[in-house]
Amino acid sequence: MNRYIIIGNGTAAVGCIEGIRSNDSEGSIIVISQENHAVYCRPLISYFLEDRTNIEKMNYRASDFYQKSGCTVIYGKTAVKIDTVAKQVFLDDATALPYTKLCVATGSSPFIPNFEGIENVNNKFTFMTIDDAIALKKTITKESKVLIIGAGLIGLKCAEGLHDKAGSITVCDLADRVLSSILDNDCAAIMQKHLEENNISFLLRDTAVKFEKNTAIMKSGKKINFDILVLAVGVKPNTDIIKNASGKIGRGIIVNEFMKTSLTDVYAAGDCTESLDASSESMKIMALMPNAYMQGHTAGVNMGGGNRKLNNMIPMNSIGFFGLHAMTAGSCFGEYIEENNEGYVKRFYINNGYLTGFMLVGKTERAGIYTSLIREKTPISEINFDMLKKVATSAAFSTEIRKKKFGGVI
Amino acid sequence: MKLIYVNEEWCLACHLCEYNCAFANSGVRDMVTALKGKPIFPRIHIEGDEKISFAVSCRHCTDPICVKSCIAGAISKSDGVVRIDREKCVGCLTCVLVCPFGALSPGEDGIMQKCELCIQNSFDEPACVKGCPNKAIVYEEREGNK
Amino acid sequence: MGVEFIYPEFEVIRNENRCIACRVCERQCANEVHFFNTEHSVMVSDESKCVNCQRCVSLCPTRALKIVKSDCTLRENSNWENDTIKEIYKQANSGGVLLSSMGNPRPMPVYWDKILINASQVTNPPLDPPREPMETRVFLGRKPEKIERDETDKLKCEIPPQIELSMPVMFSAMSYGSISYNAHASLARAATEIGILYNTGEGGLHEDFYRYGKNTVVQVASGRFGVYKDYLEAGAAIEIKMGQGAKPGIGGHLPGAKIIGDVSKTRMIPEGSDAISPAPHHDIYSIEDLRQLVFSLKEATEYKKPIMVKVAAVHNIAAIASGIARSGADIIAIDGFRGGTGAAPTRIRDNVGIPIELALAAVDQRLRDEGIRNNISLVIGGSVRSSADVVKAIALGADACYIATAALLALGCHLCRTCQSGKCNWGIATQNPELVKRLNPDIGSKRLVNLMNAWRHEIKEFMGGMGINSIEALRGNRLMLRGIGMTEKELEILGISHAGE
């Protein structure tokens, strides 16, 4: 009988459990969970701040999920070492757990630069876990002046979540625009304007260099007073456990299309991994929840004896602030075709006759049709792209393609 | 199992399916009260151009990418039906970003909604199918869908 | 344009309390009656364009619409009726011939409704159709005069070619061009399923429908459109169209604008050219000429198919039918003056020809008197509206009935009588692809099959009541009929007694 061990208890772990169980209903599964929580929807922590959801609703799976899946969860423990020869995982309490197949789904951690004086800042938070969100929610008051370092997805979602609860919110970032990892200048400007209209202040091309109690001294020399500091500079994949076992890592744990690491019988999935981006044909960290699940699931299927490839991963993001949504997918580099009108911008990146990326702000209906073009590598010549760029619609496909799409069992 | 299919050859773009859907899911007994003077948020919609038109609603995929992608764990599939728990959904639109059919759309409250084959309401067959004047929308079993 | 003399005939009544402005009416009206006023967010209508086809009424999901006849009338005048005056206005305005579609709407006598059917009581018991076998099958074609044996005393079994019908009804001629592809598909599929025949009309046979050949009558009309060897061989029978009940003595004219695409291909005439069917066949000026065409067609099809000759019911119909019966034709089809049409001059439609009931009785009697009734089968049409009309027609002497208007009604026609506009909102009398697709043949054929099954049930009920278990035994059995409210002369022509006699 197989003994499966999954390090981590996030989305990728759930995918992995469900993947294993699709092939093997017998083997034992042990999940090592650092957090003292059953799996929850990590991206919802900003909605939790906002009171748009609650702890109970944030459960990613029903309360009997582990039981029904025949899993044992070890809460509050951290896996510290893998012995690939003896095929054992060691926990921080020195327990050794033997495995036949292992999945590393350790996720990522906030990256905190070494700011001078940071240790003396009261009320500083990161924004990665439900515990972070609970602590933040407890501390915030209507008078709080909030400084968020980092205008990326995490920082801005946090800003939105705190909007109605804080006195003021300032976000700073060394980059010249908001959401610099996913939006270009023009699109970022639209989003920034919208955020500013909702009373979020920005300091761009600027960041804190040092802290004096509750004052941030900025690179520009400005001094910013705050009550609450949120550190959302970035995240780093948790790769140490593989690295220490001499597994291959880049910025993340390197996995192939079967979600195998370079170590025998060791798989990896989710935010800790680096895998092939089908839109750019390059290795990337694609830390987002849908990919985490799919990677986990693929790893699980293969761990359970299956033989499934996952080779259509692409980076993608759907993000909205105060009612304005932006979506991006694939690789957005080089020349683009633009469609715009009042309230929206759409940019499409076409390379060698294929759609390789897009960026949408304001008009996102049926964007999945665009995403599928990237994912399925549909030649632009097969579709009416002039129609499609204006409106995402299956009408842009030929009757035959549509018949295939809609006529049978998908 | 039976699913909703669209024969675009017969779709007249009359949009009745949208109204029947909005009504069926309104929980109100008569259509006038349910829909008069309000914008509608149906779970099926007509697409097309001057030449062709067709209705699009959830395909209830065998391996639904929306279920895998939902960041709120709000979408699930059971008994062949992909359903959404509107209590859990936060309206992040990730499902919109991944659904290759464009089958999901937000309701009036910004929370996502999708076709659930009218199993949750009092209609015994999907309202869009029942009300289609030209049998362009059918509810039937097809090859491979047992 | 000066004064508009004619007030719109209909009013569109929209119940504002019910209208949800879904705009289905707007999208479904090819006449562009309805439109949405975006400024005030309400639906408005231009009733001057309304033909009362009821498409919007039928599709309105909240039943917010009704179309009523306008009560704005001219001063009452029993001699100069409203319609009469308006027709004058129209002609004074256009200088043209008035055009109409479908059958004569005027209150002419309907003899079917003055005829009553018998039932058995006591002395000759009625039959229960569900319990006892009832035969509705008929065979059309020339029948042998008597039983013949060869020198070895064996029966001579060679009989002329026959058409077998599961019930004594056929769908009569409507051309592809006058009605849509989907209407034809519905008729062809339904005829095949029921086991009866439909008729191509004079527009040729679309290549897609050759596979329904066994249930098809292919027509040869004065324009000879679409006629060639494969076409003649495709059908179960060939019909020579000499005339049509709605417009006796008149040819046909399908404007070039409608001769496009498949219609042009099927008619075998160039796109854009007018399809003119002459009033006469220019090679037929006598029964002898007709005989030549009949035998030409038989020769072309190796004497395997019965030949029908269709004529309009006109004054001298008995003598004409007698001639046809001697021309070598196997079946004669007579079309009465209430029959429908895709387009006809109004005056002709409403004033030329005679009622089918009288024509049928006269022809059957004449052929019997001349001892040639078995030479030929008799099919009648021109407003056969129900199974009761069918039963009465059979008892008056018909072998089978042709129906067309009833079939179109089953397909959704609402008898708005504006086929000539080509904008049929029900997808029947149109070639506009947007409109044609409104008739899904899956639905259309099913409804036709339903209608015929219902009629067949009813015919069996009538037969059972009369104590007759085979429809053939009813043919010409005029004792089963009585007249009511008719003159001696009418009864004499119909060959029936008055009720109570």
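So, about the overall build of chain B. Secondary structure summary: chain B contains five helices and eight strands in total. Listed by position from the N terminus, the elements making up chain B come as β-α-α-β-β-α-β-β-α-β-β-α-β. Taking 15 Å as the expected radius of gyration for a compact globule of 146 residues, we find that chain B reaches 15 Å, a close match to that expectation. Within chain B, the proportion of its 146 residues that are buried is 57%.

Moving on: the overall build of chain A. Within chain A, the regular secondary structure consists of eleven helices and 26 strands. For 410 residues, the compact-globule estimate of 2.2 N^0.38 gives 22 Å, and chain A sits close to it at 22 Å. Considering only residue pairs separated by 6 or more positions, chain A has 63% of its internal contacts joining residues 24 or more positions apart.

With that out of the way, let us pick up the interface of chain B and chain C. Between chain B and chain C, the residue contacts involve 16 residues of the former and 14 residues of the latter. Contributions of two or more residues to the side of chain B that touches chain C are made by α1 (16-24) and α2 (31-35) of chain B. The class makeup of the residues in the side of chain B that touches chain C is ten nonpolar, three polar and three charged.

Here we come to the interface of chain B and chain A. Counting residues at the interface gives 34 residues for chain B, matched by 40 residues for chain A. Secondary-structure elements contributing two or more residues to the side of chain B that touches chain A are β1 (3-6), β2 (45-48), α3 (65-69) and α4 (94-98) of chain B. Per-element accounting of the side of chain B that touches chain A gives the leading share, four residues, to α4 of chain B. Looking at the side of chain B that touches chain A residue by residue, the class counts come to 16 nonpolar, nine polar and nine charged.

Moving on to the packing of helix α8 (residues 317-325) of chain C against helix α10 (residues 356-369) of chain C. Residues and elements named next belong to chain C. Orientation of α8 relative to α10, taken along the N-to-C sense of each, is 50°, at an axis distance of 8 Å. Taken together, α8 and α10 sit at an angle that is classed as oblique. As α8 packs across α10, the resulting crossing turns out to be right-handed. Along the contact surface, α8 presents I317, A318, A321, S322 and A325, while α10 presents A359, A362, V363, R366 and L367. Residues of the contact of α8 with α10, tallied by class, amount to eight nonpolar, one polar and one charged.

Turning our attention to the arrangement of the chains. There are two pairs of chains in contact here; the most contacts are made by chains A and B. Separated throughout, chain A and chain C approach each other most closely at a C-alpha pair spaced 16 Å apart.

Many analyses report the size of an interface as the accessible area lost when the parts associate. Residues and elements named next belong to chain A. Under the domain assignment, chain A is made up of domain 1 (3-43 + 58-107 + 238-303), domain 2 (111-235) and domain 3 (323-407). Inter-centroid distance (C-alpha atoms) of domain 1 to domain 3 is 33 Å. Contact residues are listed per partner, giving four residues for domain 1 and six residues for domain 3. The residue makeup of the side of domain 1 that touches domain 3, split by class, is one nonpolar, two polar and one charged.

Residues and elements named next belong to chain A. Across the sheet, three strands lie side by side as β4-β5-β6; this open sheet has antiparallel pairing. Strand pairing shows two members of the sheet lacking a second neighbour, β4 (79-83) and β6 (96-98), which therefore form its edges. When the angles between neighbouring strand axes are averaged without regard to direction, this sheet yields 25°. Sheet topology places strand β5 (residues 88-91) next to β6; three bridges connect them, and they run antiparallel. Along β6, the bridge assignment pairs Q88 with P98.

Moving on, we come to the sheet that holds strand β11 (residues 168-173) of chain A. Residue and element names in this part refer to chain A. Spatially, five strands are ordered β9-β16-β10-β11-β12 in an open sheet, and the strand pairing comes out parallel. The outermost strands of the open sheet, each flanked by one partner alone, are β9 (124-126) and β12 (200-204). Adjacent strand axes in the sheet meet at a mean angle of 20° when their direction is disregarded.

Residue and element names in this part refer to chain C. By the criterion of burial, strand β15 (residues 307-312) is predominantly enclosed, with six of the six residues buried. Side chains I307, V309 and V311 project from β15 onto one buried face, and the interleaved M308, K310 and A312 project onto a second face that is buried too. Here strand β12 (residues 237-241) pairs with β15 via four bridges, running parallel. Within the sheet, the bridge partner assigned to E239 lies in β15 and is M308.

It is worth spelling out unusual backbone geometry at this point. One non-glycine residue, A13 of chain B, lies in positive phi territory at about 55°. Within the secondary structure layout, A13 of chain B lies in the loop between β1 and α1. Overall, the presence of 20 C-beta atoms within 10 Å leaves A13 of chain B in the buried class. The backbone of E302 of chain C sits at a positive phi, close to 55°, despite the residue not being glycine. Positionally, E302 of chain C belongs in the loop between α7 (287-300) and β15. The exposure class of E302 of chain C is exposed, given the 9 C-beta atoms found within 10 Å.

A word on the environment of E335 of chain A. Residue and element names in this part refer to chain A. Relative to the helices and strands, E335 resides in the loop between β23 (324-330) and β24 (336-341). For E335, a count of 8 C-beta atoms within 10 Å gives the class exposed. A sequence separation of 172 residues divides E335 from H163, and the C-alpha atoms of the two residues are 37 Å apart.

Another point: the environment of A191 of chain C. All names here are of chain C. Take A191: it is sitting in helix α4 (residues 181-194). Taking the number of C-beta atoms within 10 Å as the measure of exposure, A191 has 28 and is therefore buried. Remark: the alpha-carbon pair of A191 and K214, spanning 23 residues in sequence, is separated by 9.5 Å. Once you skip the residues sitting within four places of it in the chain, A191 turns out to touch F171, I196, L197, Y198, Y212 and N215.

Now for the packing of α4 of chain C against helix α14 (residues 441-466) of chain C. All names here are of chain C. At their nearest, the axes of α4 and α14 sit 8 Å apart, and the two run at 45° to each other. Our classification of the angle between α4 and α14 gives oblique. Seen from above, α4 lies across α14 with right-handed handedness. Counted together, N182, A183, A185, S186, L187, R189, A190, E193 and I194 of α4 and P441, G444, S445, L448, V449 and M452 of α14 form the full contact between these two elements. Residues of the contact of α4 with α14, tallied by class, amount to nine nonpolar, four polar and two charged.

With respect to the helices and strands, the residue T53 of chain A is situated in the loop between α2 (45-49) and α3 (65-68). Put simply, T53 of chain A and T72 of chain A are 19 residues apart on the chain and 28 Å apart in space, counted from C-alpha to C-alpha. With sequence-adjacent residues up to four places away left out, T53 of chain A is seen in contact with L44, Y47, F48 and M58 of chain A together with V90 of chain B.

What follows deals with the confidence of the model for chain B. All names here are of chain B. Of the residues in chain B, 97% reach a pLDDT of 70 or more, and the chain-wide mean stands at 92. No element of chain B has a lower mean pLDDT than β1, which averages 93, and none a higher one than α4, which averages 97. If you check the scores for this complex, the pTM reads 0.91 and the ipTM reads 0.95.

All names here are of chain C. With 14 residues, α7 should reach 20 Å at 1.5 Å per residue; the first-to-last C-alpha distance of 20 Å fits that figure. Buried within α7 we find L290, L293, V294 and L297. Seen along its axis, α7 keeps its buried residues to an arc of 100°; they face one direction. Within α7, the exposed residues directed more than 90 degrees away from the buried face are E288 and E299. As for α7, its buried residues are in contact with β11 (216-220), α5 (229-234), β12, β15 and α8. Just downstream of α7 lies E302, where phi reads positive at about 55°.

Scoring rules and cut-offs
Residues numbered from 1 in each chain as written. Chains lettered and ligands numbered in written order. Predicted model: local features only at pLDDT ≥ 70, side-chain atom pairs only at ≥ 80, totals over all residues. Helix = DSSP H or I, 4+ residues; strand = E, 2+ residues; numbered from the N terminus. Rg over C-alpha atoms; globule rule 2.2 N^0.38 Å. Buried ≥ 20, exposed ≤ 12 C-beta atoms within 10 Å, placed from the backbone. Contact = placed C-beta atoms within 7 Å. Nonpolar A, V, L, I, M, F, W, Y, C, P; charged D, E, K, R; others polar. Axes fitted to C-alpha atoms, helices over the stretch in contact; angles between N-to-C directions. Parallel < 35°, antiparallel > 145°, perpendicular 65-115°, else oblique. Left-handed = near helix turned anticlockwise from the far one by under 90°. Domains from an automatic or database assignment. Pairing = 2+ DSSP bridges. pLDDT = per-residue confidence, 0-100. Expected span 1.5 Å × (residues − 1). Arc of directions from axis to C-beta.

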